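# Observations on the model geometry
Below, each chain spelled out in residue letters.
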Amino acid sequence: MSMIARRGAVTNGRKRALPKVLSDNPFTTAPFYINPENPARTEANSLRTSDPDRAAQFDKIGDSPVAIWAGDWIPLGTEAAWIDERMDKIQLASALPVFVLYNIPYRDNGSYSGGGATSADAYRTWIGNILTGFAGRPSVIILEPDAVPLLTGLVEPQRSERVTLLNETVIRLRDAGHHVYLDGGHSNWHPAPQMAALLEECGVQNGRGFSLNVSNFRTTGDTITFGDSVNTNLSAAKKYVIDTSRNGVGPHESDYINPPGRALGEQPTATTASVGCDAYFWVKAPGESDGDDGSYQTHSGEDGTATATGTIAPTAGSWWANYGYGLAARSAWGPAAPVSSNAKTATVTSDFTSLDTTKFPGSFGAAIVSGRAQIATDSTYPRVSTGTDSTAVRYDLTESSVFVEVPTVPNIGTGTTSAFLQLEAPAGTGVNSVEVGWQNGSLILRELVNGTYNDLSLAYSLTQHRWWRIRHSSGTVFWETSPDKSSWTVQRQKSPDAAIDLTKVAIALVSGFYGTETSPGVAEFDNLNI
């Protein structure tokens, strides 16, 4: 199992060239390399004493092998030394090197991960420097994620240039002894026959095979079906690798830039469900951002540092601790994420002096004014939240309650205007929550199960309904209001739907509207008891 390390050992200051091994599955030739400098491991170590449960979630990433990406972030002229330094560490660990080369001109066709070499000749020089750094030591190489499927978005002469460069590079890397997997996108991009044709046009036949689902979220089962179909459309079947780093619960609608609610997938392994698949491997580093698409705040609040006007997500490739934690906490393996303290033991927060991100990691769109949380009422439905899905802080509502004071509700706009206290349970096939709130002048007492609303609507009084409370007792949920927090009126009661797990609720204060005019004011919240 340590063949690669022994043959590549440093002797008398010189590195021996390694023989070419092109036929056997490279993922079975040596243990996978676990980078001790993985930022998730650093995160876990910093929490080891203060928050061991959270540290255990980061360990899922920090203790797992992840591919090493090389691109234009390496200073020009230092590429060989950069690769050499990492290869030396991998050899000392007697492990398998897995690299991603990501520097093609017009990279990502100018989108969120845009950049790359400035010309075809610059790319050829860059590849030459990379090969110098490997010094004859073979590795697994995932070649240029998305470059092949994005050919359909290029025009001449850029398209022909990319085809030429990829063909040349596959052969150069192969002839240097590397196991080359030319990237083939994912199962929801191009149909398998088209993807096979594009791969062959770019030289897949000259390498080990192709990679799939890199930095994406398609399930392993769907990807295997797609990979096997691509193979049936190739002139000669090749092997493929599946990126399982973030596909544990599949995709989120059409989102691919930091979509909310995703999870780590299968741990890297050479034991797969198809003879055509060499390995499941973490090609994308879990917890690294996909970039800021400018709309992240409209569908997630996982980043506790986000603001309504600032950058919502870090730049592509940057470590994002909260997002990484969410991926780990939702994974189907390893220690489960802990449920936070029971809400009934918490004390009243008399003022929102600030938004404490240890309690409210899913917050954005709120301003603190005179000790109250003012939430702008706009079409993004901004919120103050203890988290989404399995991230961050959850509470047990069993035999307990959550209440909040609502001094101000928005004006009524021409569309649907609302302000709510939401207790969001872990999602099944859709959104699950218990809610009390104001909507277009009515008091709304809501149970939302898998996207279906079950509402009771009553006339709203700003004075009589100044306080809202959701309480659980003896198997029943009570929706209650009060003018002063001392006397409560039950407005609705029922047994909670079985799909709503009240032992793991996230708490959110939300305001927004669906209409055509400008924002109809703000909602004010105070005295939330968490």
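Every value quoted in this text rests on a predicted model; they were computed, and no experiment measured them. Chains are numbered independently. Their residues run from 1 in the order of the written sequence. Reporting of local features is limited, given that this is a predicted model, to residues whose pLDDT is at least 70; pairs of side-chain atoms are given and counted only at 80 or more, and all residues count toward the totals for whole chains, interfaces and linings. Water and hydrogen atoms were dropped before computing side-chain values, which therefore reflect all heavy atoms in the structure.

### Quick word on helix 8 (residues 220-233)
Only runs of H or I of at least four residues qualify as helices and only runs of E of at least two qualify as strands under DSSP, and these elements are numbered from the N terminus. Here a helix's expected span is defined as the number of its residues, less one, multiplied by 1.5 Å. For helix 8, with 14 residues, the first-to-last C-alpha span of 20 Å sits near the 20 Å given by 1.5 Å per residue. Whether a residue is buried, partly exposed or exposed follows from its accessible area with a 1.4 Å probe, protein chains only, as a fraction of its type maximum: under 20%, in between, or over 50%, in that order. Among the residues of helix 8, those classed as buried are Thr220, Thr223, Ile224, Phe226, Gly227, Val230 and Asn231. Along helix 8, the residues classed as buried sweep out an arc of 165° about the axis, all on the same side. Turned more than 90 degrees off the buried face of helix 8, the exposed positions are Thr225 and Thr232. Here the arc refers to the set of directions running from the helix axis out to each C-beta atom.

### What about the environment of leucine 131?
On the secondary structure map, leucine 131 appears in helix 5 (residues 120-134). The exposure class assigned to leucine 131 is buried, which follows from its relative accessible area of 18%. Counting along the chain gives 41 residues from leucine 131 to arginine 172, while the straight-line C-alpha distance between them is 8.8 Å. Any two residues whose heavy atoms approach within 4.5 Å at even a single point are treated as in contact. In this structure, leucine 131 is in contact with Arg172, Leu173, Ala176 and His178, ignoring residues within four places of it in sequence.

### Thoughts on the sheet that holds strand 13 (residues 401-408)
Pairing between two strands requires that DSSP report at least two bridges joining them. Read across the sheet, seven strands follow the order 10-11-22-13-18-19-20 without closing on themselves; strand pairing throughout is antiparallel. In the strand order of this sheet, the two ends are held by strand 10 (366-369) and strand 20 (489-494), each with one partner. Taken over all neighbouring pairs, the strand axes of this sheet differ in orientation by 25° on average, direction set aside. Sheet topology note: the strand 19 (residues 476-482)/strand 20 ladder contains five bridges and is antiparallel. Bridge pairing in strand 20 links tryptophan 479 to arginine 492. Between N-to-C directions, angles span 0 to 180 degrees; the directions come from axes that are lines fitted to C-alpha atoms, helices contributing only their stretch in contact.

### Brief notes about the sheet that holds strand 14 (residues 416-425)
A sheet is described by the order of its strands in space; here six strands give the open sequence 12-21-14-15-16-17, paired in antiparallel fashion. Bordering the open sheet on either side are strand 12 (383-385) and strand 17 (452-459), each of which pairs with just one other strand. Here the strands of the sheet are splayed against their neighbours by 15° on average, with no regard to which way each runs. One ladder, built from three bridges, connects strand 12 with strand 21 (residues 506-514); its direction is antiparallel. The partner of valine 384 across the bridge, within strand 21, is leucine 509.

### What to know about the packing of aromatic side chains
What counts as a ring pair is set by centres within 6.5 Å for rings of Phe, Tyr and Trp (its six-membered ring), and what kind of pair is set by the plane angle: stacked under 30 degrees, edge-to-face over 60, tilted for all other angles. For the coordinates displayed, the defined rule picks out 15 aromatic pairs. Summarising the aromatic geometry, the rings of tyrosine 123 and tryptophan 126 are spaced 6.0 Å apart at their centres and angled 25° between planes, so their arrangement reads as stacked. Of this pair, tyrosine 123 and tryptophan 126 both sit in helix 5, three residues apart, roughly one helical turn. Grouping residues by exposure puts tyrosine 123 and tryptophan 126 together as buried. Between phenylalanine 210 and tyrosine 240, the aromatic rings sit 5.4 Å apart at their centres with planes inclined by 25°, giving stacked as the arrangement. One end of the pair, phenylalanine 210, is in strand 7 (residues 209-212); the other, tyrosine 240, is in strand 8 (residues 239-243), with 30 residues separating them in the sequence.

### Focus: the pairing of strand 17
Summarising the sheet, strand 16 (residues 442-449) and strand 17 pair through eight bridges and their orientation is antiparallel. By the bridge assignment, serine 442 is partnered in strand 17 with alanine 459. The antiparallel hairpin formed by strand 16 and strand 17 contains two residues in its connecting segment, where asparagine 450 sits at a positive phi of about 50°.

### A look at the environment of arginine 174
With respect to the element layout, arginine 174 can be found in helix 6 (residues 158-175). Its relative accessible area of 27% is what places arginine 174 among the partly exposed residues. Separated by 34 residues in sequence, arginine 174 and arginine 208 place their C-alpha atoms 8.3 Å apart.

### Examining the packing of helix 3 (residues 52-62) against helix 9 (residues 321-329)
A pair of packed helices can be characterised by two numbers: the angle between their axes and the separation between those axes. With their axes 8 Å apart at the nearest point, helix 3 and helix 9 run at an angle of 85° to one another. Compared by their axis directions, helix 3 and helix 9 come out roughly perpendicular. Judged by residue contacts, Arg54, Gln57, Phe58, Lys60 and Ile61 of helix 3 engage Ala321, Asn322, Gly324, Tyr325, Ala328 and Ala329 from helix 9. Charged means Asp, Glu, Lys or Arg here, nonpolar means Ala, Val, Leu, Ile, Met, Phe, Trp, Tyr, Cys or Pro, and polar covers whatever is left, Gly included. Among the residues forming the contact of helix 3 with helix 9, the class breakdown is six nonpolar, three polar and two charged. Comment on the angle field: the value is read as roughly parallel under 35 degrees, roughly antiparallel over 145, roughly perpendicular from 65 to 115, and oblique elsewhere.

### Side note on the pairing of strand 7
Note: strand 6 (residues 179-183) against strand 7, three bridges, orientation parallel. Along strand 7, the bridge assignment pairs aspartate 183 with serine 211. Taken together, strand 6, helix 7 (residues 192-201) and strand 7 form a β-α-β motif whose crossover is right-handed. Direction of pairing for strand 7 relative to strand 8: parallel, over a ladder of four bridges. Following the sheet pairing, glycine 209 is matched in strand 8 by lysine 239. With its strands directed away from the observer, a crossover is right-handed exactly when the path from the first strand over the helix to the second travels clockwise. Between strand 7 and its parallel partner strand 8, the chain crosses via helix 8, and the hand of that crossover is right-handed.

### Let's talk about unusual backbone geometry
In this structure, proline 157 follows glutamate 156 across a cis peptide bond, with omega equal to 5°. Along the chain, proline 157 turns up in the loop between strand 5 (140-143) and helix 6. With a phi close to 55°, serine 370 is a non-glycine residue in the positive phi region. Relative to the elements of secondary structure, serine 370 occurs in the loop between strand 10 and strand 11 (372-376). We classify serine 370 as exposed; its relative accessible area is 72%. In the Ramachandran plot, serine 474 falls in the positive-phi region, its phi being about 50° despite a non-glycine side chain. Along the chain, serine 474 falls in the loop between strand 18 (467-473) and strand 19.

Geometric values such as these leave the question of function open.
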